[in-house]
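Examining the three-dimensional arrangement
Residues per chain, in single letters:
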Amino acid sequence: MRSSRLEDEVRSLQAQLARAQRLATVGAVTAMVAHEFNNILTPVLNYAQMAQQGDATMREKAIRHALEGSQRATAICQALLDIARNNHQPIRKVNLTTLVEETLTTMGRDLKKDGITLITKIPAKLTLTLHAVKLKQVLLNLILNARDAVLEKGGEKKISISAVRNNDIIRIRVADTGTGISPENMKQIFEPFFTTKQDNGTGLGLTISKQIVESMQGRLTVRSQQGKGTVFTISLPLRAGRKKKSSRRQD
Ligand SMILES: Nc1ncnc2c1ncn2[C@@H]1O[C@H](COP(=O)(O)OP(=O)(O)OP(=O)(O)O)[C@@H](O)[C@H]1O
Ligand SMILES: [Mg+2]
């Protein structure tokens, strides 16, 4: 009885930590988002002025561009709010391509603008049944890490996000051509607070991501070659939201 109460407390603390990490990640992308908003809103403002002053043809064009910019700003806000809200959302069937697109929108900034080529290879109809926010949090952590690694290394910068279904398991891979991880660091990357980022790392991203994936009966694994790049693989059951039957002893 006492041990089950302890287990409940541990689970509750893990959930609180995951929530705090998710909000910290949202905080970390805010600077990128603010920068992007400036890039979106400055032309929107110019187009609105053009619409006020120009002839009918110019007005039509200006309004269309202003509308496109406003829609993109709204999509970024929506994606950010989705991930910032807590995960009281029900477990539901989600399309993986849409989920990845929404996660990328959360970052606000297009990877292309930093010279990063993004390749996504996800079967169009691939779906999973889970808490979407949880998977978004994990993907956001992995993509932000991949972004840091390719920007640090320089040269050809590539991030690939792919997924395959193998019977009832879905494997999602986030691969990058970044710095790679040394064998020494590899032993510690999933440890809480381990970071090699001087000013901007809390060292919680991977710890929490692993915990989240395991809470969905999945696994988070990594392969890396120093100087060449890194591949993280999330393996999840198709119905990752379903709870395992409790095997806890009732003593
Ligand atoms: N794709 C990657 N390429 C190279 N190194 C990586 C990669 N992903 C993680 N690492 C290494 O693992 C460390 C721990 O990553 P983790 O995401 O847990 O923390 P962080 O990125 O340092 O900080 P944050 O808590 O803000 O995410 C990183 O500091 C980095 O050294
Ligand atoms: Mg990180």
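Residues numbered from 1 in each chain as written. Chains lettered and ligands numbered in written order. Predicted model: local features only at pLDDT ≥ 70, side-chain atom pairs only at ≥ 80, totals over all residues. Heavy atoms only, no water.

1. Brief notes about the packing of helix 3 (residues 96–106) against helix 4 (residues 132–153)
- Put simply, helix 3 and helix 4 touch, their axes get as near as 9 Å, and they point 55° apart. By the angle class used here, helix 3 and helix 4 are oblique. Note on packing geometry: the crossing formed by helix 3 with helix 4 is right-handed. Contacts from L96, L99, V100, E102, T103, L104 and T106 in helix 3 reach A132, L135, K136, L139, L140 and I143 in helix 4. (Axes fitted to C-alpha atoms, helices over the stretch in contact; angles between N-to-C directions. Helix = DSSP H or I, 4+ residues; strand = E, 2+ residues; numbered from the N terminus. Parallel < 35°, antiparallel > 145°, perpendicular 65-115°, else oblique. Left-handed = near helix turned anticlockwise from the far one by under 90°. Contact = heavy atoms within 4.5 Å.)

2. Side note on the sheet that holds strand 5 (residues 169–176)
- Judged by pairing direction, the sheet is mixed, and its five strands sit side by side in the order 2-4-5-7-6 without closing on themselves. Looking at which strands have only one partner, the edges of the open sheet turn out to be strand 2 (116–121) and strand 6 (219–225). On average, each strand axis in the sheet is tilted by 15° relative to the strand beside it, whichever way the strands run.
- Sheet topology note: the strand 6/strand 7 (residues 229–237) ladder contains seven bridges and is antiparallel. The residue bridging R219 from the neighbouring strand is S235, located in strand 7.
- With respect to the sheet, helix 6 (residues 205–215) is in contact with strand 6 and strand 7, its orientation differing from that of strand 6 by roughly 135°. (Pairing = 2+ DSSP bridges.)

3. Points about the nonpolar core
- Counting 54 residues, the largest nonpolar core has L96, L135, L139, I234 and L236 as the members making the most contacts within it.
- The element contributing the most residues to this core is helix 4, with ten residues.
- Both of domain 1 (2–82) and domain 2 (89–237) provide at least three residues apiece to this core. (Core = buried A, V, L, I, M, F, W, Y, C linked by side-chain atoms within 4.5 Å. Buried < 20%, exposed > 50% of the residue type's maximum accessible area, 1.4 Å probe, protein only. Domains from an automatic or database assignment.)

4. Describing the domain arrangement of the protein chain
- When its domains are assigned, the protein chain resolves into domain 1 (2–82) and domain 2 (89–237).
- For domain 1 versus domain 2, the distance between C-alpha centres works out to 20 Å.
- Listed as interface residues are 18 residues of domain 1 and, on the opposing side, 21 residues of domain 2.
- Summing both partners gives a buried area of about 1,700 Å² for domain 1 against domain 2, and 61% of it is carried by carbon and sulfur.
- By the criterion of area lost to domain 2, the three top residues of domain 1 are Q21, M32 and D82, representing 33% of everything that side buries.
- Here domain 1 is connected to domain 2 by zero salt bridges.
- On inspection of domain 1 and its partner domain 2, the count reaches three residue pairs in polar contact (both at pLDDT 80 or more).
- Sorting the residues of the side of domain 1 that touches domain 2 by element identifies helix 1 (2–53) and helix 2 (56–84) as the ones contributing at least two each.
- Top contributing element to the side of domain 1 that touches domain 2 by residue count: helix 1, with twelve residues. (Buried area = accessible area lost by both parts, 1.4 Å probe. Salt bridge = Lys/Arg side-chain N within 4 Å of Asp/Glu carboxyl O. Polar contact = N/O pair within 3.5 Å; in protein donor to acceptor, adjacent residues only side chain to side chain.)

5. Structural notes on unusual backbone geometry
- Residues other than glycine seldom take positive phi values, yet N167 does so here, at roughly 55°.
- Here N167 falls in the exposed class, since its relative accessible area comes to 63%.
- Phi at F193 takes a positive value of approximately 70°, unusual for a residue other than glycine.
- Relative to the helices and strands, F193 is located in the loop between helix 5 (183–186) and helix 6.

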